[in-house]
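Descriptive analysis of the structure
Here's the letter readout for the chains.
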Amino acid sequence: MISKAQGSKIFIIGKCEDDKSSVYVTELWNSKEYHDNSLKFPGVKELIMKAMTILDGQPEKGKEIKVLSRN
């Protein structure tokens, strides 16, 4: 669903070998506005709420970065 959102560049889900209980989600968007708009898609907020029920606590807030170079 999110991978088809306008402005979505990449969506990666991974685990750290040192911490098997943590999951890391990396998203790259053309802009914060595109990301914010993706949350308005039907079913997205419900899917997020469903995921929250299996988490052990509140997720850490992500970091916004400015891309300096790309090829």
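On a predicted model such as this, the values are computed, not experimentally measured, just so you know.

1. Focus on the environment of lysine 20
Here lysine 20 shows up in strand β2 (residues 19–29). When its relative accessible area of 54% is taken as the criterion, lysine 20 is described as exposed. In this structure the side chain of lysine 20 is engaged in a polar contact, spanning 2.9 Å, whose partner is the side chain of glutamate 17.

2. Describing the pattern of salt bridges
Applying the stated rule across the entire model yields 2 salt bridges. In this structure, the salt-bridge partner of lysine 32 is aspartate 36, at a minimum N-O distance of 3.0 Å. In this pair, lysine 32 and aspartate 36 both sit in helix α1 (residues 32–38), 4 residues apart, roughly one turn of the helix.

3. Brief notes about the side chain of serine 38
Looking at the secondary structure, you find serine 38 in helix α1. Note on serine 38: relative accessible area 3%, which makes it buried. Among residues more than four places away in sequence, those in contact with serine 38 are Ala5, Trp29 and Val44.

4. Remarks on a nonpolar patch on the surface
Nonpolar side chains collect at one region of the surface, where Ile10, Ile12, Leu28, Ile65 and Val67 lie side by side and expose about 440 Å² of accessible area between them. Here leucine 28 is to be found in strand β2. Since its relative accessible area comes to 36%, leucine 28 is described here as partly exposed.

5. Section: the side chain of serine 22
Inspection of the secondary structure assignment puts serine 22 in strand β2. Within the structure, serine 22 has its side chain in polar contact with the side chain of aspartate 19 (distance 2.5 Å). If near-sequence neighbours (up to four positions away) are discounted, serine 22 is found in contact with Gly14, Lys15 and Cys16.

6. Looking at the pairing of β2
In terms of strand pairing, strand β1 (residues 8–16) meets β2 through 8 bridges, oriented antiparallel. Paired with cysteine 16 across the bridge in β2 is aspartate 19. With antiparallel pairing between neighbouring strands as the criterion, β1 and β2 make up a hairpin whose turn holds 2 residues.

Conventions we followed
- Residues numbered from 1 in each chain as written.
- Predicted model: local features only at pLDDT ≥ 70, side-chain atom pairs only at ≥ 80, totals over all residues.
- Heavy atoms only, no water.
- Helix = DSSP H or I, 4+ residues; strand = E, 2+ residues; numbered from the N terminus.
- Buried < 20%, exposed > 50% of the residue type's maximum accessible area, 1.4 Å probe, protein only.
- Polar contact = N/O pair within 3.5 Å; in protein donor to acceptor, adjacent residues only side chain to side chain.
- Salt bridge = Lys/Arg side-chain N within 4 Å of Asp/Glu carboxyl O.
- Contact = heavy atoms within 4.5 Å.
- Patch = residues over 30% accessible without salt bridge, like charges linked within 9 Å, V, L, I, M, F, W, Y side chains within 5 Å.
- Areas by Shrake-Rupley, 256 points an atom, 1.4 Å probe, with all protein chains shown as cover.
- Pairing = 2+ DSSP bridges.

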